[in-house]
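Survey of secondary and tertiary structure
Below, each chain spelled out in residue letters.
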Amino acid sequence: MNPAPKHRPLDKLTFDNRFVDELPGDKETKNFPRQVLGACYSRVSPTKVTHPKTLVYSKEVADFLDLPQEACVSNDFAQVFAGNRLIAGMEPYASCYGGHQFGHWAGQLGDGRAINLGDVINSQGERWALQLKGAGLTPYSRTADGLAVLRSSVREFLCSEAMYHLGVPTTRALSLVITGEQVIRDMFYNGNPKAEPGAIVCRVAPSFIRFGNFQIHAARGELDLLRKITDYTINTHFSHLGKGSKDVYLDWFEEVCRTTAQMVVHWQRVGFVHGVMNTDNMSILGLTIDYGPYGWLENYDPDWTPNTTDKAERRYRYSNQPACAFWNLGQLANAIYPLVGEVEPLQQALDVFTQVFGEQWNLMMSQKLGLSRYDPDQDDDLFAELLALLQSVETDMTIFFRQLAEVGLGEGNLEDIDVEMLIQPLDDAYYLPEQKTLAYVASLFDWLKRYNQRIVQEGIPQEIRRERMNRVNPKYVLRNYLAQLAIDKAEQGDFEMIAELLELLRHPYDEQPEPGKAAYAMKRPEWARHRAGCSMLSCSS
């Protein structure tokens, strides 16, 4: 007689598989790369791995999934979130979608290295989709293997959680599991593949539906499927809008435009550059999704892109992210046009993006400077001159805004002040101190006088300004070189820095005076300027 299985907390998760229950699926049951027609998804099971081990998990994500700590440190947790064991109620599948990549229609793309396990309904009645990235082959893997390596998985896990704690709308990450297996990757696409440690991230979001889920059916003329997935999306995630109709479709699209604008404003606020803003990487919920070659602006260079594939065109550079989001929304409008049948109301909804982005950007810049309100008569020039100053010499964006709060302002007219003493708090923001010429200092001082005048006008005390600014200007961000150092150690079997960075990035706006933390707030070291993984990255994972 076999002994009864031990109690397994994960088995208490409650799944609601509305996506596969309500939408048409792939009739082919075999798992091989192919064009999938007339379906929103294909059922597929994760590929089993040999020696899964959990490296780190997010306690906040575990909490809202109602998972106790003892469950997250168990072997069963590693088995489940490596794809080796399916919990009762899981119905794994890969989604069918298409997309524009770098401005060109790419046809069918789909979940090529992601497998959805199902939607968990937590004790609060919230819906959370669980998705394994790197769990093996799917019908959408094309010529790839559906796997992921440790370096990209570390970056995805840490950035998902870092962005959340920065206040940026984002998908989340529950766990990072190593598989015990090797994966062959050509990191630089230069004909030099090598074996790397395999890993799997469990991603979590209310939904992973993206613009491409609608585009693929519109492009194929599958208008019945287009209507079905649109109605499913509205009924499940936008139920406050009502049932599907022309007016509801327009209200829904307008809401997507609004939340997308808000998301991109947050990216601009913290200096985040997505790097791969293809339409298949745009969440219908206005969440940051698919962390590949991303990065934070270090020296303020609006033309910087973290993606080596984008090096020539720089389509997804920092300054172009708003325009790319607008263009992507235009492609979504084209996709849902058959449901609306009129161009003008779709264009009016698109205009909401421009309006919301402009309003939110001005508010965001005012907040970064600690101002009480946005005054267009004064602040447009104030913002433009500041950004020109940041670009005129190699200035670390994160450090500059954080330290600007320490510059003593708010009293008098600054005419009889020691300029060098005034701007001394900004010294750590400059990568090349020799660029801080007399002409630059004079321009900076002129700008500080105008900024000081605004502060005096509003009667903002120094302590209040500092507090306001430190709420929106982070001290700590996931700089590429920090992620790469953690990856270097992890590939040697030392995983402590991953956990250390996760804890650090849980409190990005706090000073964190504990020993050793200050090093993580320093500007990029010179050795990292051009090193692979510390500056630009490829899409290889």
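Residues numbered from 1 in each chain as written. Predicted model: local features only at pLDDT ≥ 70, side-chain atom pairs only at ≥ 80, totals over all residues. Heavy atoms only, no water.

Our focus in this paragraph is the pairing of strand 9 (residues 194-205). Within strand 9, nine of the twelve residues are buried, which leaves the element mostly enclosed by the surrounding structure. With five bridges connecting them, strand 7 (residues 127-133) and strand 9 associate as antiparallel partners. Pairing of alanine 129 across the sheet is with alanine 205, part of strand 9. Alignment of strand 8 (residues 172-185) against strand 9, held across ten bridges, turns out to be antiparallel. Note that in strand 9 the partner of serine 175 across the bridge is cysteine 202. (Buried < 20%, exposed > 50% of the residue type's maximum accessible area, 1.4 Å probe, protein only. Helix = DSSP H or I, 4+ residues; strand = E, 2+ residues; numbered from the N terminus. Pairing = 2+ DSSP bridges.)

The next point concerns the environment of proline 52. Structurally, proline 52 is set in the loop between strand 1 (41-43) and strand 2 (53-57). Between the alpha carbons of proline 52 and asparagine 84 there is a distance of 8.6 Å; along the sequence they are 32 residues apart. In contact with proline 52, other than residues within four places in its own chain, are Ala78, Gln79, Ala82, Asn84, Val177, Ile178 and Thr179. (Contact = heavy atoms within 4.5 Å.)

A few words now on the pattern of salt bridges. For the coordinates displayed, the defined rule picks out 40 salt bridges. Between lysine 449 and glutamate 415 there is a salt bridge; the shortest N-O distance is 3.9 Å. Here glutamate 415 lies in the loop between helix 12 (397-404) and helix 13 (419-423) and lysine 449 lies in helix 14 (residues 438-458), a separation of 34 residues in the sequence. The partly exposed category is assigned to lysine 449, whose relative accessible area is 25%. Since its relative accessible area comes to 47%, glutamate 415 is described here as partly exposed. Overlapping salt bridges bring together Glu298, Glu394, Asp396, Arg479, Arg524, Glu526 and Arg529 as one network. (Salt bridge = Lys/Arg side-chain N within 4 Å of Asp/Glu carboxyl O.)

Turning to the packing of helix 11 (residues 376-392) against helix 14, a few remarks are in order. Between helix 11 and helix 14, the least distance of the axes is 11 Å, while the angle of their chain directions is 150 degrees. In terms of orientation, helix 11 and helix 14 fall into the roughly antiparallel class. The two elements helix 11 and helix 14 cross, and the hand of that crossing is left-handed. Of helix 14, the residues touching helix 11 (which contributes Gln378, Asp379, Leu382, Glu385, Leu386, Leu389 and Ser392) are Tyr440, Ser443, Leu444, Trp447, Arg450, Tyr451, Arg454 and Gln457. Of the residues in the contact of helix 11 with helix 14, the class split is seven nonpolar, four polar and four charged. (Axes fitted to C-alpha atoms, helices over the stretch in contact; angles between N-to-C directions. Parallel < 35°, antiparallel > 145°, perpendicular 65-115°, else oblique. Left-handed = near helix turned anticlockwise from the far one by under 90°. Nonpolar A, V, L, I, M, F, W, Y, C, P; charged D, E, K, R; others polar.)

This brings us to the packing of aromatic side chains. For the structure on display, the rule yields 25 aromatic pairs. Ring geometry for phenylalanine 77 against phenylalanine 81: centres 4.8 Å apart, planes inclined by 55 degrees, an arrangement best described as tilted. Like phenylalanine 77, the residue phenylalanine 81 is buried in the burial classification. Between phenylalanine 400 and phenylalanine 401, the ring centres sit 6.0 Å apart and the planes meet at 85 degrees, which makes this aromatic pair edge-to-face. In this structure phenylalanine 400 comes out as buried when scored by relative accessible area, which is 1%. Given the relative accessible area of 2%, phenylalanine 401 is considered buried. Every member of this aromatic cluster is reached through a ring pair, and the members are Trp267, Phe272, Tyr291, Tyr294 and Trp296. Sitting over the ring of phenylalanine 32, arginine 34 keeps its end group 4.7 Å from the ring centre. Sitting over the ring of tyrosine 294, arginine 155 keeps its end group 4.0 Å from the ring centre. (Phe/Tyr/Trp six-rings, centres within 6.5 Å; stacked < 30°, edge-to-face > 60°. Lys NZ or Arg CZ within 6 Å of the ring centre and 35° of its normal.)

Let us look at the environment of serine 372. As for its placement among the helices and strands, serine 372 is situated in the loop between helix 10 (343-368) and helix 11. Residue classification places serine 372 among the partly exposed residues on the basis of a relative accessible area of 46%. Distance from serine 372 to aspartate 280, taken between C-alpha atoms, is 38 Å for residues 92 residues apart in sequence. Apart from the residues within four sequence positions on either side, serine 372 is in contact with Glu458, Ile460 and Arg468. Side-chain polar atoms of serine 372 contact the side chain of arginine 468, separated by 2.9 Å. (Polar contact = N/O pair within 3.5 Å; in protein donor to acceptor, adjacent residues only side chain to side chain.)

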